[in-house]
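Reading the structure
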Amino acid sequence: MSLLRSSTRGIPEPSRVPRHVAIIMDGNGRWAKNRRLPRVAGHRKGVETVREIIRACIERGVQYLTLFAFSSENWRRPPEEVSLLMQLFVVALEQEVAKLHENGIRFRLIGDVSRFDPRLQKLIADAEALTAGNNRLTLTIAANYGGRWDILQAANRMLAERPELMHGFGEEELAPYLCLSDAPEPDLFIRTGGEQRISNFLLWQLAYTELYFTDTLWPDFDAKAFDAAIASFQRRERRFGRTSEQLEENA
Ligand code: IPE
Ligand code: IPE
Ligand code: MG
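Residues numbered from 1 in each chain as written. Chains lettered and ligands numbered in written order. Predicted model: local features only at pLDDT ≥ 70, side-chain atom pairs only at ≥ 80, totals over all residues. Heavy atoms only, no water.

What follows deals with the site of ligand 1. Taken together, Met25, Asp26, Gly27, Asn28, Gly29, Arg30, Arg39, His43, Ala69, Asn74, Arg77 and Leu85 form the complete shell of residues around ligand 1. A distance of 2.8 Å separates an oxygen atom of ligand 1 from a polar atom in the side chain of Asp26. A distance of 2.9 Å separates an oxygen atom of ligand 1 from a polar backbone atom of Gly29. Relative to its free-state accessible area of 380 Å², ligand 1 is covered by the protein chains to the extent of 86%. (Near = heavy atom within 4 Å. Polar contact = N/O pair within 3.5 Å; in protein donor to acceptor, adjacent residues only side chain to side chain. Areas by Shrake-Rupley, 256 points an atom, 1.4 Å probe, with all protein chains shown as cover.)

Tallied over the entire structure, the rule returns ten aromatic pairs. Look at Tyr208 and Phe240: their rings are 5.1 Å apart centre to centre, the planes differ by 55 degrees, and that puts the pair in the tilted class. Placement of Tyr208 in the loop between strand 5 (188–191) and strand 6 (210–213) and of Phe240 in the loop between helix 7 (223–234) and helix 8 (244–250) is noted, with a sequence separation of 32 residues between them. For Tyr208, a relative accessible area of 34% puts it in the partly exposed group. Given the relative accessible area of 14%, Phe240 is considered buried. Here the aromatic rings of Trp218 and Phe221 are separated by 5.5 Å at their centres, their planes lie at 20 degrees, and the arrangement is stacked. The same class applies to Trp218 as to Phe221, namely buried. One aromatic cluster in this structure is built from Phe68, Tyr145, Trp149, Phe189, Phe201 and Phe213. (Phe/Tyr/Trp six-rings, centres within 6.5 Å; stacked < 30°, edge-to-face > 60°. Helix = DSSP H or I, 4+ residues; strand = E, 2+ residues; numbered from the N terminus. Buried < 20%, exposed > 50% of the residue type's maximum accessible area, 1.4 Å probe, protein only.)

Take the sheet that holds strand 1 (residues 20–24) next. Spatially, six strands are ordered 3-4-2-1-5-6 in an open sheet, and the strand pairing comes out parallel. Only two strands of the sheet have a single partner each, and these edge strands are strand 3 (105–110) and strand 6. Shown here is a sheet whose adjacent strand axes are inclined to one another by a mean of 20 degrees, direction ignored. Most of the contacts of helix 3 (residues 79–102) go to strand 3, to which it runs at about 155 degrees, and overall it touches strand 2 (64–71), strand 3 and strand 4 (137–145). (Pairing = 2+ DSSP bridges. Axes fitted to C-alpha atoms, helices over the stretch in contact; angles between N-to-C directions. Contact = heavy atoms within 4.5 Å.)

Let us look at the site of ligand 2. In the vicinity of ligand 2, the contacting residues are Ile24, Met25, Asp26, Phe68, Ala69, Phe70, Ser71, Asn74, Arg77, Arg191, Arg197 and Ser199. Between ligand 2 and Asn74 there is a distance of 2.9 Å, counted from an oxygen atom to a side-chain nitrogen or oxygen. Top contributing element to the shell around ligand 2 by residue count: strand 2, with four residues. Across the shell around ligand 2, the residue classes break down as five nonpolar, three polar and four charged. (Nonpolar A, V, L, I, M, F, W, Y, C, P; charged D, E, K, R; others polar.)

If you walk through the whole model with that rule in mind, you get 20 salt bridges. Asp26 is the partner of Arg191 in a salt bridge, and the nearest nitrogen-oxygen pair spans 2.9 Å. With a gap of 165 residues between them, Arg191 in strand 5 and Asp26 in the loop between strand 1 and helix 1 (28–34) connect regions that are remote in the sequence. Between Arg30 and Glu195 there is a salt bridge, with the nearest N and O atoms lying 3.8 Å from each other. In this pair, Arg30 sits in helix 1 while Glu195 sits in the loop between strand 5 and strand 6, placing the two residues 165 residues apart along the sequence. (Salt bridge = Lys/Arg side-chain N within 4 Å of Asp/Glu carboxyl O.)

The following block contains the structure:
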């Protein structure tokens, strides 16, 4: 069993720089409202922040960056905002994928893409195929993603392939079917925008992740703010169920 995959069973190697950072990019709407701009202006500025944080991850040696871009609950927003977000997603993919590839970044998407426009689905599939061999940074965008959806799709796919597990299975059997199964679990979770909740993001994968909440709105979140989150992470003691004394003995 992979130690990386299942932190409630195995204990991952400690690392100073988080290998995997997962972020809920929140606060675009409020950023725009504070400036009397339409909400979409906040989403546009938010795309610039994404670029800056990708750069910061590469410079600091973070290997996996997972960004929550659109939740399965975000369809509840006014149709105009949903459609502007989809357009922005299309434009960002059209403009950025070649640059991601040049920079050795692997692009992945997690979530139920079946509800997206076929054009967007094709852009996603092409971007994943083009960048599949890159390994400098794996950038995963969660779109139409929900943590409960993830666990259910994993269980359903597992049982379809391995019906003998119908009467019982463990983490090891389920883990390969979960989204992000080939990445280490997130070391650091960041939520901008002041709310202190998970909003149905990576429910399974965040079991032992260090959580960091900041009031900074996503469009204002920059490399310096990112470094503050990493510094907070570095001050934490990751015990994974053990005592401080045990950690000292092993050091
Ligand atoms: C996050 O910003 C972006 C998405 C959910 C797509 P919000 O749009 O939620 O911004 P606030 O929370 O209204 O400020
Ligand atoms: C969470 O943000 C989802 C994304 C950032 C994509 P929301 O702004 O939709 O979260 P809630 O609904 O306020 O919790
Ligand atoms: Mg929000």
